[in-house]
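# Reading the structure
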Amino acid sequence: MNRYHGNDDPDDGWRELAEGLHGLRAEPPPTLAPAVLERVGLADAFVTVDGPAGPLLVAYNGRGISATAPGTDEAGFAERFQDRFGRPLRPAGRPPARLVAQVERVLAPGRRGAEPRYDLRGTSEFERAVLAKAREIPRGQVRPYAWVAGELGRPAAVRAVGAALGRNPVPVLIPCHRVVGSDGRLTGYAWGVPYKRALLAAEGADPDELERLAHRGTRFFGSDTTHIYCYPTCAHARRVADRHLMTFRDAAQATGAGYRPCRVCRPA
Amino acid sequence: MVFKAVMEPQPELPARLARDLDGSFEELVGTYQRLVFGLALRVVADRADAEEVAQDTFARAYWALAGYPAERVAAMRLRPWLARITLNLARNRLRRRPPPARPLEDGDGQPLALAAPAAAEPATVAERGQERERLVELLAALPRGYREAVVLRHVEGLPYAEVAEVLGRPVGTVKTHVHRGVRQLREQLAREERVPR
């Protein structure tokens with residue numbers, strides 16, 4: 001320790017000290033900038049979670065969950081993500097416990113709690129309204145595209161609803177798979193109809209039964225004791241005993257028979 | 001004399017941020033991360049804490065910039081602004097941190113101003129050696145006002161006018177604090193020359 005020997009010579013000692021002080025400038029850790037960009041939503045990380053029908057890739061940033069994709073194709077996921085959102089996507093070093101817990105809560109049957117936040121930048125106001133409506137459909141239940149359009153006060157916008165659901169950036173978590181063709185068929189899913197069926201089956205719906213009803217032209221169930229009609233997967237319809245169960249091919253038939261629409265599933 | 005105070009490194013950056021915050025924010029982080037992290041480190045004396053303070057600083061800056069009108073962003077003086085946010089967040093973190101189990105004392109029996117810096121920054125210390133380590137300790141032991149002024153002026157190299165702006169004090173006061181801080185450091189170092197540790 002004889003470097004600071006200049007106490008008899010102020011200028012010399014001061015120069016040493018000044019150099020020493022300036023040398024205390026610290027290099028930021030390489031993790032700092034990526035963490036900042038991720039936190040403000042200018043970059044994203046992804047984790048793989050156990051989805052209801054196989055592994056699910058989940059991308060997120062500080063604003064919320066930004067994208068999901070079924071499967072294990074991480075490179076393809078990152079590439080599509082970059083194409084669509086223009087942001088880099090990297091594997092998360094350590095999965096954030098809170099996010100994983102929130103995702104599990106969304107996917108777990110019967111559990112309630114805070115939903116994760118979603119980062120839906122890049123979607124239109126209409127698309128966000130459609131996705132919000134899809135989130136209202138309970139697990140294991142389905143509603144037709146026309147129902148979503150009607151609920152949004154735009155009954156003619158059925159195709160636009162289909163397009164908006166097709167652009168859902170966070171499938172599985174925002175349940176666009178619970179929206180079905182207006183004839184009740186399990187049509188149209190970005191990840192393929194078999195995957196849509198698998199998701200619905202995992203939630204306790206019976207995809208084969210839904211297809212059979214659609215094939216027979218049965219759109220609504222009614223109860224001859226309450227004279228209320230519902231979508232077939234509505235919780236109220238499922239409580240009707242077989243001997244009281246009525247079927248209708250459309251709302252006009254139900255109305256003509258003196259039935260009123262259920263206030264929960266709102267079939268009309 | 002010694003190290004000239006450096007000018008703002010990116011004079012056009014505020015205008016770019018005003019036009020396209022998302023497109024230019026990464027440049028802001030790259031330009032100022034050394035200042036923000038370094039300043040945080042000298043206040044909280046712990047690398048993990050300093051990284052969190054630095055993250056918080058940039059996140060806060062982003063949301064502030066996102067909320068300001070473009071003319072305001074274009075006219076901003078980013079360096080003192082970021083330094084002030086850093087300092088405030090670092091001070092808050094120090095306040096929240098539990099105090100050391102027993103008070104640390106220096107040779108004169110005065111309690112040190114900070115949590116034990118000896119255990120801090122193991123990687124840096126190992127690399128740069130004992131003298132650096134000792135200077136870090138002495139700096140950390142300065143009264144807070146002196147330490148902040150010395151760090152901004154002589155570690156980070158800000159001009160006195162900006163140091164004054166960051167600390168919210170008149171330039172004259174800041175100069176006095178820097179000089180007193182430096183004098184204390186020199187006296188301490190001189191004392192150790194006579195009495196080797």
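No experiment lies behind these values; they were computed from the predicted model shown.

Turning next to the overall build of chain B. In terms of regular secondary structure, chain B is built from 10 helices and 0 strands. Along chain B, helices and strands appear, N-terminal first, in the series α-α-α-α-α-α-α-α-α-α. Within chain B, buried positions represent 39% of all 197 residues. Counting contacts in chain B only where the partners sit at least 6 residues apart, residues at least 24 apart contribute 64% of the total.

Looking now at the overall build of chain A. On a plain count of helices and strands, chain A comes out with 11 helices and 10 strands. At 27 Å, chain A has a C-alpha radius of gyration far larger than the 18 Å of a compact globule built from 268 residues. Dimensions of chain A, computed from the C-alpha atoms along their principal axes, are close to 110 × 30 × 30 Å. Looking at the 268 residues of chain A, the share that counts as buried comes to 37%. Across chain A, the fraction of contacts at a sequence separation of at least 24, relative to all contacts at a separation of at least 6, is 55%.

Time to look at the domain arrangement of chain A. All names here are of chain A. Domain assignment breaks chain A into domain 1 (34–107), domain 2 (123–217) and domain 3 (218–268). Look at where the C-alpha atoms of domain 1 and domain 2 centre, and you get two points 23 Å apart. Secondary structure elements with two or more residues in the side of domain 1 that touches domain 2: strand S3 (64–70) and helix H4 (97–107). Here the side of domain 1 that touches domain 2 takes 5 residues from S3, the largest share from any one element.

In this section: the sheet that holds strand S8 (residues 228–230) of chain A. Residue and element names in this part refer to chain A. Taken in spatial order, the 4 strands make up an open sheet running S9-S7-S8-S10, and their pairing is mixed. At either margin of the open sheet sits one strand with a lone partner, and together these are strand S9 (245–248) and strand S10 (260–261). Of the pairings in the sheet, the one linking strand S7 (residues 220–223) to S9 comprises 4 bridges and is antiparallel in character. Looking across to S9, one finds that Phe221 is bridged to Thr247.

Glancing now at helix H3 (residues 74–85) of chain A. All names here are of chain A. Under the 1.5 Å per step criterion, the end-to-end length of H3 is 16 Å for 12 residues, consistent within 8% with the ideal 16 Å. Where H3 is concerned, the buried positions are Phe77, Ala78 and Phe81. Taken around the axis of H3, the buried residues stretch over an arc of 95°, which confines them to a single face. Facing away from the buried side of H3, by more than 90 degrees, are the exposed residues Ala75, Gly76, Glu79 and Asp83. In the stretch just after H3, Gly86 is the one whose phi turns positive, near 70°.

Residues Val36, Ala40 and Val150 of chain B are the most contacted members of the largest nonpolar core, which totals 62 residues. For Ala40 of chain B, the residues in contact, after removing those within four places along its chain, are Ala50, Val53, Ala54, Thr86 and Ala90 of chain B. Membership of the second largest hydrophobic core comes to 40 residues, among which are Ala59, Val130, Ala134 and Val148 of chain A.

Moving on: the interface of chain B and chain A. Taken together, the contacts link 36 residues of chain B with 27 residues of chain A. Ranked by residues supplied to the side of chain B that touches chain A, first place goes to helix H2 (residues 21–44) of chain B with 10 residues. Broken down by class, the residue content of the side of chain B that touches chain A amounts to 19 nonpolar, 7 polar and 10 charged.

A word on the sheet that holds strand S4 (residues 89–91) of chain A. Residues and elements named next belong to chain A. Within the open sheet, the 4 strands sit side by side as S3-S2-S1-S4. Their pairing is mixed. Strands at the two margins of the open sheet, each flanked by one partner only, are S3 and S4. Pairs of neighbouring strands in the sheet enclose a mean axial angle of 35°, with direction left out of account. The pairing of strand S2 (residues 54–61) with S3 spans 6 bridges and is antiparallel.

The next subject is the domain arrangement of chain B. All names here are of chain B. In terms of domains, chain B is made up of domain 1 (8–97) and domain 2 (108–197). Among the elements of the structure, H2 and helix H5 (78–96) are those that each provide at least two residues to the side of domain 1 that touches domain 2. Here the residues of the side of domain 1 that touches domain 2 sort into 6 nonpolar, 1 polar and 6 charged.

So, on to the pairing of S2 of chain A. Of all 8 residues in S2 of chain A, 6 are buried; the element is thus mostly enclosed. Turn length for the strand S1 (residues 44–51) of chain A-S2 of chain A hairpin, with the two strands adjacent in sequence and antiparallel, is 2 residues.

It is worth spelling out the packing of H2 of chain B against H5 of chain B at this point. Residues and elements named next belong to chain B. Running from N to C, H2 and H5 point in directions that differ by 35°, and their axes come no closer than 9 Å. In this structure, the crossing between H2 and H5 has a hand that is right-handed. The residues of H5 that touch H2, namely those facing Leu28, Tyr32, Leu35, Val36, Leu39, Ala40, Val43 and Val44, are Leu78, Arg79, Leu82, Ala83, Thr86, Leu87, Ala90, Arg91, Arg93 and Leu94. Of the residues in the contact of H2 with H5, the class split is 14 nonpolar, 1 polar and 3 charged.

Quick notes on the rules
- For every chain, the first residue of the written sequence is number 1, and numbering continues from 1 along that sequence.
- Here every chain gets a letter starting at A, and every ligand a number starting at 1, in the order they are written.
- Residue-level local features of this predicted model are given only where pLDDT is at least 70; pairs of side-chain atoms are given and counted only at 80 or more, and the full residue set underlies all totals for whole chains, interfaces and linings.
- Helical segments are the DSSP runs of H or I of at least four residues, strand segments are the runs of E of at least two, and each set is numbered from the N terminus.
- Three exposure classes are used, based on other C-beta atoms lying within 10 Å of a residue's own C-beta, which is placed from the backbone: buried for 20 or more, exposed for 12 or fewer, and partly exposed in between.
- The contact criterion used here is simple: two residues whose C-beta atoms, placed from the backbone, lie within 7 Å are in contact.
- As defined in this context, the radius of gyration uses C-alpha atoms, and a globule is described by 2.2 Å times the residue total to the power 0.38.
- Domain segmentation is taken from an automatic or database assignment of domains.
- Each pair of strands is called paired provided DSSP finds at least two bridges between the two strands.
- To estimate how far a helix should reach, multiply one less than its number of residues by 1.5 Å.
- What the arc measures is the spread of directions leading from the helix axis to the C-beta atoms.
- Under the definition applied here, buried Ala, Val, Leu, Ile, Met, Phe, Trp, Tyr and Cys residues are grouped into a nonpolar core through C-beta atoms within 7 Å.
- In this count, Pro and Cys sit with the nonpolar residues alongside Ala, Val, Leu, Ile, Met, Phe, Trp and Tyr, while Asp, Glu, Lys and Arg are called charged and the others, Gly among them, polar.
- Geometry is summarised by axes, namely lines fitted to C-alpha atoms with helices restricted to the contacting stretch, and by angles between N-to-C directions that run from 0 to 180 degrees.
- Handedness of a crossing follows from how the near helix is turned relative to the far one, being left-handed for an anticlockwise turn of less than a right angle and right-handed for a clockwise one.

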